[in-house]
Amino acid sequence: MGKKSVNKNVDWRYPIAHKEAWIGIALVIFHFAWWYGFAYGFGKQPVESYTFVFGFPAWFFYSCIIGFIVIILLVILMVKFFFVDIPLDSDDKGEPYS
C-alpha cells in the first residue's frame, strides 16, 4: 500500500487510449440515463393518457428518436474535439516508425 509504481516502458499511446475509453464509457452511461429517464418517466402513465409527437408516443419520441440524435451529435463532437489521431504501427518499444 505504498507508492504506485510507474512503468517507464509503457507505450505513449496507452494514456490517450485510456482517456478515450473513459469518454466512450461516459457517453454510454449518458445515453442509457437519457433513454431510461424518458422511457420510464413518460412511459409509466396509462396508455390512454399518452401524448403523441409526430404520431409516436412522447416517451418513445424523446427516448429513442431525440436520444439517438443527441448521442450521435455528442459522439461527433467528442471525436472532433477530444479524440487524437495516433499512428497504430510501431516498433517493439511503442515508438512510431520514422
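Residues numbered from 1 in each chain as written. Predicted model: local features only at pLDDT ≥ 70, side-chain atom pairs only at ≥ 80, totals over all residues. Heavy atoms only, no water.

Asker: Account for the overall build of the chain, with residues named and values stated.
Answerer: Helix and strand counts for the chain come out as 2 helices and 2 strands. Along the chain, from the amino end to the carboxyl end, the secondary structure elements read α-β-β-α. Here the chain holds 98 residues, and 17% of them are scored as buried. Long-range contacts, defined here as pairs at least 24 residues apart, represent 63% of the contacts in the chain between residues at least 6 apart. Accessible surface computed for the chain: about 8100 Å², of which carbon and sulfur atoms make up 70%. (Helix = DSSP H or I, 4+ residues; strand = E, 2+ residues; numbered from the N terminus. Buried < 20%, exposed > 50% of the residue type's maximum accessible area, 1.4 Å probe, protein only. Contact = heavy atoms within 4.5 Å. Areas by Shrake-Rupley, 256 points an atom, 1.4 Å probe, with all protein chains shown as cover.)

Asker: A description of the packing of helix α1 (residues 14–42) against helix α2 (residues 58–81) should follow, citing residues and the corresponding values.
Answerer: Relative orientation of the contacting elements α1 and α2 amounts to 165°, with a least axis distance of 8 Å. In terms of axis orientation, α1 runs roughly antiparallel to α2. Of the two elements, α1 crosses α2, and the hand of that crossing is right-handed. Packed against α1, whose contacting residues are I23, L27, F30, H31, W34, W35, F38, A39 and F42, the element α2 presents A58, W59, Y62, S63, C64, I66, G67, V70, I71, L74, V75 and M78 at the interface. Its residues placed into classes, the contact of α1 with α2 shows 18 nonpolar, 3 polar and no charged. (Axes fitted to C-alpha atoms, helices over the stretch in contact; angles between N-to-C directions. Parallel < 35°, antiparallel > 145°, perpendicular 65-115°, else oblique. Left-handed = near helix turned anticlockwise from the far one by under 90°. Nonpolar A, V, L, I, M, F, W, Y, C, P; charged D, E, K, R; others polar.)

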